[in-house]
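Observations on the three-dimensional arrangement
Listed here are the chains, written in short residue letters.
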Amino acid sequence: MRVQVVDSHTGGEPTRLVISGGPDLGGGSVRDRLARFRQSHDRFRSGVVNEPRGNDAIVGALLCEPVDPTCQTGVIFFNNVGYLGMCGHGTIGLVATLAHLGKIQPGTLNIETPVGVVSAESHGAGFATVRNIPAYRHAKDVTVTVEGHGPVTGDVAWGGNWFYLTKGESPIELSLRNLEELTSLTWRIRQALVRENVTGKDGGEIDHIELFSKPKDSTAHSRNFVLCPGKSYDRSPCGTGTSAKMACLYADSLLRPGDIWRQESITGSIFEGHITLQGKQIIPFVKGSAFVTAQSELVFDDRDDFCWGIPN
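Cut-offs applied
Along each chain, numbering runs from 1 in the same order as the chain's sequence is written. Where totals are concerned, whole chains, interfaces and linings use all residues; where local detail is concerned, this predicted model gives features only for residues with pLDDT of at least 70, and gives and counts side-chain atom pairs only at 80 or more. No hydrogens and no water enter the side-chain calculation; it runs on all heavy atoms of the structure. Note on aromatic pairs: the rings of Phe, Tyr and Trp (six-membered ring only in Trp) are paired at centre separations within 6.5 Å, and the planes decide the class, stacked below 30 degrees, edge-to-face beyond 60, tilted for the rest. Strands are runs of DSSP state E lasting at least two residues, helices are runs of H or I lasting at least four, and both sets are numbered from the N terminus onward. Exposure classes here rest on a 1.4 Å probe applied to the protein chains alone. A residue is buried below 20% of its type maximum, exposed above 50%, and partly exposed in between. The criterion for a charge sitting over a ring is simple: Lys NZ or Arg CZ within 6 Å of the ring centre, and within 35 degrees of the ring normal. Here, the term nonpolar core denotes a set of buried Ala, Val, Leu, Ile, Met, Phe, Trp, Tyr and Cys residues that are joined through side-chain atoms within 4.5 Å.

1. Here's the deal with the packing of aromatic side chains
Under the criterion given, the structure shown has 8 aromatic pairs. Ring plane angle 70° and centroid distance 5.5 Å describe the contact between F37 and F78, whose orientation is recorded as edge-to-face. Of this pair, F37 sits in helix α1 (residues 30-40) while F78 sits in strand β4 (residues 73-78), and the two are 41 residues apart along the sequence. Each member of the pair, F37 as well as F78, carries the same accessibility label: buried. One aromatic cluster is present, built from ring pairs that chain together F37, F44, F78, Y83, F300 and W308. Its guanidinium or amino end placed over the ring of F212, K245 lies 4.0 Å from that ring's centre, counting from NZ or CZ.

2. Notes on the nonpolar core
Residues F77, Y164, I189, L193, I206 and F225 are the most contacted members of the largest nonpolar core, which totals 55 residues. Grouped together as the second largest cluster of nonpolar side chains are 20 residues, V18, V30, L34 and F37 included.

3. Details of unusual backbone geometry
Across the junction of E51 and P52, the peptide omega takes the value 10°, indicating a cis bond. Along the chain, the position of P52 falls in the loop between α2 (42-49) and β3 (59-64). One non-glycine residue with positive phi stands out, namely A125, at about 55°. For D141, which is not glycine, the phi torsion reads 50° and is therefore positive.

Here you go:
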């Protein structure tokens, strides 16, 4: 079996877009097809993004036909351990890849995802602005006791995935030299959330944890470290995380509609965001750039013991 993919990175965070050779997921909404993907084709997910072909940081994206008549394409995002409702950096990577392939021109693209319709405006030269689904803060000032650290307080918010956004300055400097310590702390925070039964709406699992500090770039407002579901850190500032952050800032009257929020990642890359209001809903916009790094063909041979990846 041969699968055509295009690799890109958005602010350092990789995306692998499957453009042909993916599994037949049948009809129905993208949400319905995600359920079939998870149930019947999970080994494909593992084979595309896990070792030996991939690594823990790669987010996969499977193009699919949209059902929503307002959309030009659909997409399902996945990673080393499962599936994502939405992915901001991945959407920017998707736009850059489609532009690289000559499939779109600068302008607006509507995209059907498992959690709703998002749009992305391609500005050319790899830049795109994503209009995300509505974001909101679900719970304010939730305190959990973290093993080996003590109490930590944060907000629970939705930006397309569930986030726990810690309050105050990170106790560990947000530097690449501190990755092991930062990963350990955020993983223990996630374990504390599970242990103390802290969830998102309707029991949604909080699988993204964010720490914050003052930025190193003088044009940015904040620096973050984001732990992703598979225990890998986000090299980009995280699009859905930036959406969740802006929803919390708005809820605290610290960000007004139209104000620019520049979020710096631990690698130094920056997303530029703002919000608008649609009735009572907070609509986040996140701008960033992506660059294509490879266009290749993945070969799957069932005689290979690791054909479908080394599971996490």
